[in-house]
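Given next are the chains, with one letter for each unit.
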Amino acid sequence: TFLARASRRFAETTNAPGTTVGVEAREVRTRAGRALLVDLPGTGSLTGRPVAGPPFWTALLAAAPDAILVVADAGDVGRHVPLILACRDLGLPAVVALNLADEAAAHGIAVDAGRLSQLLAVPVRRTVARTGEGVAGAVALAASRARRRRGVRAGTHSPRGLLPASAYPPAVELRLARAAADLPTSHALGAAALDPTGLGGLVAAGALSARGAATLLLPEIMDPVRRDLAARWTAEVEAVRP
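This is a predicted model, so every value here is computed, not measured. (Residues numbered from 1 in each chain as written. Predicted model: local features only at pLDDT ≥ 70, side-chain atom pairs only at ≥ 80, totals over all residues. Heavy atoms only, no water.)

### Focus: the sheet that holds strand S3 (residues 68–73)
What counts here: Strands qualify as paired when DSSP identifies two bridges or more between them. Starting at the N terminus, helices and strands are each numbered in turn, a helix being any DSSP run of H or I of at least four residues and a strand any DSSP run of E of at least two. For helices, the fitted axis covers only the stretch in contact; all axes are lines through C-alpha atoms, and the angles between them, taken along N-to-C directions, range from 0 to 180 degrees. Any two residues having at least one pair of non-hydrogen atoms within 4.5 Å are treated as being in contact.
Pairing is parallel in the open sheet, where three strands are placed in the order S3-S4-S6. This sheet does not close on itself; its edge strands, each paired only once, are S3 and strand S6 (124–126). The sheet shows a mean angle of 25 degrees between the axes of neighbouring strands, taken without regard to direction. As defined by bridge partners, S3 adjoins strand S4 (residues 94–99) across six bridges and the pair is classed as parallel. Bridge pairing in S4 places Val71 opposite Ala97. Along the sheet, helix H3 (residues 77–89) contacts S3 and S4; its crossing angle with S3, the most-contacted strand, is approximately 170 degrees. Packed onto the sheet, helix H6 (residues 135–154) meets S3, S4 and S6 and runs at close to 170 degrees relative to S4.

### Notes on the nonpolar core
For clarity, the cut-off: In these notes, a set of buried Ala, Val, Leu, Ile, Met, Phe, Trp, Tyr and Cys residues joined through side-chain atoms within 4.5 Å is what counts as a nonpolar core. A 1.4 Å probe rolled over the protein chains alone gives each residue an accessible area, and that area as a share of the maximum for its type sets the label: buried under 20%, exposed over 50%, partly exposed in between.
By size, the foremost hydrophobic cluster in this structure holds 51 residues, and its most contacted members are Leu46, Leu90, Leu98, Leu120 and Leu208. Not counting chain neighbours up to four residues away, the residues in contact with Leu98 comprise Ala72, Ala74, Val77, Val111, Ala113, Leu116, Val124, Arg125, Arg126 and Thr127.

### Focus: the pattern of salt bridges
Just so we agree on the cut-off: Salt bridges are counted wherever a side-chain nitrogen of Lys or Arg sits within 4 Å of a carboxyl oxygen of Asp or Glu.
Here the structure, examined in full by the defined rule, presents 14 salt bridges. In this structure, Arg34 and Glu27 form a salt bridge, with 3.3 Å as the shortest nitrogen-oxygen distance. For Arg34, a relative accessible area of 52% puts it in the exposed group. Linked through salt bridges whose partners overlap, the residues forming this network are Arg88, Asp89, Glu173, Arg211 and Arg226.

### Notes on the pairing of S3
What counts is decided by this rule: Seen with the strands pointing away from the viewer, any crossover whose path from the first strand over the helix to the second strand runs clockwise is right-handed.
Burial along S3 is one-sided: Ile68, Val70 and Ala72 are buried, and none of Leu69, Val71 and Asp73, which face the opposite way, are. For the crossover that starts at S3, traverses H3 and ends in the parallel S4, the hand is right-handed.

### Description of the environment of Ala167
Assignment of secondary structure puts Ala167 in the loop between H6 and helix H7 (170–181). Separated by 59 residues in the primary sequence, Ala167 and Arg226 have C-alpha atoms spaced 9.2 Å apart. Among residues more than four places away in sequence, those in contact with Ala167 are Arg88, Leu229 and Trp233.

### Things to note about helix H9 (residues 210–217)
The element H9 is extensively covered by neighbouring structure, given that six of its eight residues are classed as buried. Restricting attention to buried positions, one finds in H9 the residues Arg211, Gly212, Ala213, Ala214, Thr215 and Leu216.

### Re unusual backbone geometry
With a phi angle near 50 degrees, Ala64 is a residue other than glycine that sits in the positive phi range. Relative to the assigned elements, Ala64 resides in the loop between helix H2 (56–62) and S3. Of note, Ala121 is a non-glycine position whose phi angle comes to about 60 degrees, a positive value. Inspection of the secondary structure assignment puts Ala121 in the loop between helix H5 (113–120) and S6. For Ala121, a relative accessible area of 44% corresponds to the partly exposed category.

### So, the environment of Thr131
Spelled out, the test is: Residues adjacent in sequence count toward polar contacts only when both atoms are side-chain atoms; beyond that, a polar contact is any pair of N or O atoms within 3.5 Å, and within protein one must be able to donate a hydrogen and the other to accept it.
The residue Thr131 is located in the loop between S6 and H6 in this model. As a C-alpha pair, Thr131 and Phe2 span 129 residues in sequence and 9.8 Å in three-dimensional space. Within the structure, the side chain of Thr131 is placed 3.4 Å from the backbone nitrogen of Glu133, a separation counted as a polar contact.

Below, the structure is given as structure tokens:
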């Protein structure tokens with residue numbers, strides 16, 4: 001529904017998992033200019049393996065995004081925060097669309113989007129894809145941040161503001177720093193044999209940060225920390241009326 005509204009073209013929609021399992025790219029016009037919006041299947045984790053295939057991050061990074069727009073359920077924020085953190089940690093600009101905001105309100109759920117944005121260090125926008133509320137603005141913001149990232153890579157913009165703020169304990173950051181330092185990012189002969197995941201090559205190509213690659217290599221560390229943050233932050237930003 002979000003893709004259809006953003007692109008102003010029909011998209012198959014059902015309220016059930018497994019309807020859209022492919023990748024679809026559509027050009028969209030936004031206030032920030034034209035952009036290519038790439039719709040990926042839904043997931044709860046970047047390191048999960050849908051239908052026993054490769055981890056989800058391979059599909060995400062194959063799309064070579066300049067920014068990530070995470071469409072989350074406003075009525076179930078806690079379930080989506082770990083994924084939002086994982087996307088943000090890649091070192092790519094991220095924007096969150098709290099979709100189905102009307103349904104959340106109908107069930108008595110109110111989310112403080114401003115506070116959630118502060119905690120995540122990511123812009124958060126309330127959207128209702130069925131009516132179009134907030135959709136154009138969220139897509140335009142993602143397109144604007146994507147344009148800025150291209151400017152950073154071209155050397156015309158400062159990288160400040162695109163680097164994720166740390167939300168994790170120092171011990172976790174130390175493990176990430178060590179794993180990032182050990183990534184084989186060289187193009188020398190034989191380097192590929194030391195990089196079976198291909199993440200080192202993606203870092204060398206500028207597709208993600210070394211710290212972002214490290215988060216994908218250490219899911220057993222990152223997943224529990226993100227779930228803990230999700231529980232605490234959800235309790236802070238979500239109010240449920242009887």
